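Chain residues, written in single-letter form:
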Amino acid sequence: MYVAVKGGEAAIANAHRLLADRRRGDRSVPALRIDQIVEQLALGIDRVMAEGSLYDRELAALAVMQSRGDLIEAIFLVRAYRTTLPRFGYTRPIDTAAMQVERRVSATYKDLPGGQLLGPTFDYTHRLLDPQLAGDPDVVEPEQRETDGQRMARVSEILAREGLIEADGELPEDHLTGDITREPLEFPQARDSRLQALSRGDEGFLLALGYSTQRGYGRSHPFVGEVRIGEVEVELDVPELPFPVTLGRIRVTECQMVNQFKGSAKAPPQFTRGYGLVFGQSERKAMAMSLCDRALRAGELGEDITAPAQDEEFVISHSDNVQATGFVEHLKLPHYVDFQAELDLVRRMRGEHEKRNQINENDQREAAE
Amino acid sequence: MKMDRRQERETEAQRKVAMAALAMAPGDELKRLCAAAGVSNDAELLRGPETGLVSVRGRIGGGGAPFNFGEATVTRATVRLPSGEIGHSYALGRDKEKAKLSAITDALWQNPERRAEIEDKIIAPLRAAQAEADATSRAETAATKVDFFTMVRGED
């Protein structure tokens, strides 16, 4: 027999109305505008775009506003919105070597062509709270300096010239580029699908896993060959035009992690690599992604799989925070019938347990007499 | 014949550049320039303006095999002018008015008699503004370039 229980309609409606009120907060405080969120909470927006897997600043800002700043809720909203739109196609691969660079640092080469460009970084700040910001002080314009117009080759190209590093990461000629938004998740994954999952994976989860490899759980001796942030052009092939049409530019962060050398009977010792590519200015995420990418190549590189970060199924199955929050948070939804059954079971077991104790006690008493 | 094909390719390259300038233009700026150039909104919409997604690809290691790393919103439109030219537009984002205006501008651009005027009044200012913004951004980044120097310690 199945008995449906209904109720809570009015409670739900009123809860949502209350949520709308609390989201807006004190009406005497001016409401946030989308452009304010886009401009002044830019890195939060970047995270929502990266993990929501949708590049659209205004939409991400709207999601942050609607979710009261709960970024995982915002990411959820963006993911849900995505499903309402048709797909026009796959872009041509972006060329990060042609990036309009806003930041670029290397931990491996001091004097690389193009130099070390710090850009708008939190690095080297003292992490002291600045109470003056609350008073909206005037902010001076940035300093400018003449550019030398040097092409900024990727660091991997420099090492590649000497043959000391493995190639960029080719897949077999007949390999069709995977798309985890269109195909069910299957293990083992090809590296392209894995990178797609990592690129939209939860920053905190990937950060912790990357950290775990540094602490010895799947050690890979990483160096940041290069981190670069900036804008790249996006092009799409469309049937109605005889050339790939430029859609505009997006800001991305790329991390080239260079890891301990590895050789085999066939290949001479050389550096191996992990790769990170993320929407927006998301340096921590791109670095964590590249650490995880390298750790997950353990099998391919003939290393023992001993640590969580090297376990593909574990990492990829748990990296998506929309899935994770859905399953964890569903626990608070009504489980009345499930729980009733469990309650019955525990009561029955308790009864049997007490009966057994009674019998034991009687047996002991009889034995003593 | 050979000459024609070369010329055709050149025109295609120019059109690609013009369409890129339209795609990257801020919507308000494009509307202002179109109004100033007297671009009429009068065109038959053959498709859209409609918003959809593209899956954005990168390459493993920067130059290796392609992989999808996220999606982006794109809005496109196709129009036909009363004079018969068909224009297209594609741009990141969800600005439908910009998509329509861009498609109209692309259609006008294809009319050899209007091309110079469209280039002068719309494409050139857009490209100049973009180039200036890029130059400023590059100069600001350049000011954060690290100049290393060596400190000599001790007598010898």
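Note that the structure is a prediction, hence the values are computed from the model and not measured.

Novice: Quick question: what am I supposed to make of the packing of helix α5 (residues 71-82) of chain A against helix α11 (residues 321-329) of chain A here?
Specialist: The angle between the axes and the distance between the axes are what describe a pair of packed helices. Residue and element names in this part refer to chain A. Interhelical geometry of α5 versus α11 gives an angle of 110 degrees and a closest axis separation of 10 Å. Compared by their axis directions, α5 and α11 come out roughly perpendicular. Of the residues in α11, those in contact with Ile72, Ile75, Phe76 and Arg79 of α5 are Asn321, Val322 and Thr325.

Novice: Explanation requested: the layout of surface pockets in the structure shown.
Specialist: Rolling a probe over the atoms, with the probe sized like a water molecule, indicates the empty space that remains. Here the second largest pocket defines a volume of roughly 590 Å³. Looking at the second largest pocket, it is lined by 29 residues, and the ones nearest its centre are A:Ala98, A:Met99, A:Gln100, A:Val101 and B:Arg138. Counting only elements with at least two residues in the lining of the second largest pocket, the list comes to β3 (100-105) and β4 (223-236) of chain A together with α4 (112-142) of chain B. Top contributing element to the lining of the second largest pocket by residue count: β4(A), with five residues.

Novice: What is the right way to look at the packing of aromatic side chains in this model?
Specialist: In this description, a pair of aromatic rings is defined by centroid distance and the angle of the planes. Taken as a whole and judged by the stated rule, the model has five aromatic pairs over all chains. Their ring planes at 75 degrees and their centres at 5.2 Å tell us that A:Tyr55 and A:Phe279 sit as a pair that is edge-to-face. In this pair, A:Tyr55 is assigned in strand β1 (residues 54-55) and A:Phe279 in strand β6 (residues 270-279), connecting sequence segments 224 residues apart. Accessibility expressed as a relative area gives 10% for A:Tyr55, which makes it buried. Between A:Phe205 and A:Phe314, the aromatic rings sit 6.5 Å apart at their centres with planes inclined by 50 degrees, giving tilted as the arrangement. Of this pair, A:Phe205 sits in helix α8 (residues 203-214) while A:Phe314 is found in helix α10 (residues 312-318), placing the two residues 109 residues apart along the sequence. By relative accessible area, A:Phe314 is classed as partly exposed at 34%. Aromatic rings pair up to connect A:Tyr55, A:Tyr275, A:Phe279, B:Phe67 and B:Phe69 into one cluster. Across the ring face of B:Phe148, the terminal group of A:Lys110 is positioned such that the distance to the ring centre comes to 4.9 Å.

Novice: How should I be thinking about the domain arrangement of chain A in this particular structure?
Specialist: Residues and elements named next belong to chain A. The domain architecture assigned to chain A consists of domain 1 (9-82) and domain 2 (96-121 + 151-168 + 180-326). The C-alpha centroid of domain 2 is placed 29 Å from the C-alpha centroid of domain 1. Contacts between the two partners involve 15 residues from domain 1 and, on the opposite side, 19 residues from domain 2. With both sides pooled, the region where domain 1 packs onto domain 2 buries about 1400 Å², and carbon together with sulfur makes up 57% of that total. It is Glu51, Tyr55 and Arg79 in domain 1 that bury the most area against domain 2; as a group they hold 37% of the surface buried on that side. The tally of links between domain 1 and domain 2 comes to two salt bridges. Linking aspartate 202 and arginine 47 is a salt bridge whose minimum nitrogen-to-oxygen distance equals 3.4 Å.

Parameters and conventions
- Residues numbered from 1 in each chain as written.
- Chains lettered and ligands numbered in written order.
- Predicted model: local features only at pLDDT ≥ 70, side-chain atom pairs only at ≥ 80, totals over all residues.
- Heavy atoms only, no water.
- Axes fitted to C-alpha atoms, helices over the stretch in contact; angles between N-to-C directions.
- Helix = DSSP H or I, 4+ residues; strand = E, 2+ residues; numbered from the N terminus.
- Parallel < 35°, antiparallel > 145°, perpendicular 65-115°, else oblique.
- Contact = heavy atoms within 4.5 Å.
- 1 Å grid on protein atoms, 1.4 Å probe; cavity = no way out; pocket = protein on both sides within 12 Å on 5 of 7 lines; lining within 4 Å.
- Points joined across faces, edges and corners; volume = space filled by probe spheres on them.
- Phe/Tyr/Trp six-rings, centres within 6.5 Å; stacked < 30°, edge-to-face > 60°.
- Buried < 20%, exposed > 50% of the residue type's maximum accessible area, 1.4 Å probe, protein only.
- Lys NZ or Arg CZ within 6 Å of the ring centre and 35° of its normal.
- Domains from an automatic or database assignment.
- Buried area = accessible area lost by both parts, 1.4 Å probe.
- Salt bridge = Lys/Arg side-chain N within 4 Å of Asp/Glu carboxyl O.

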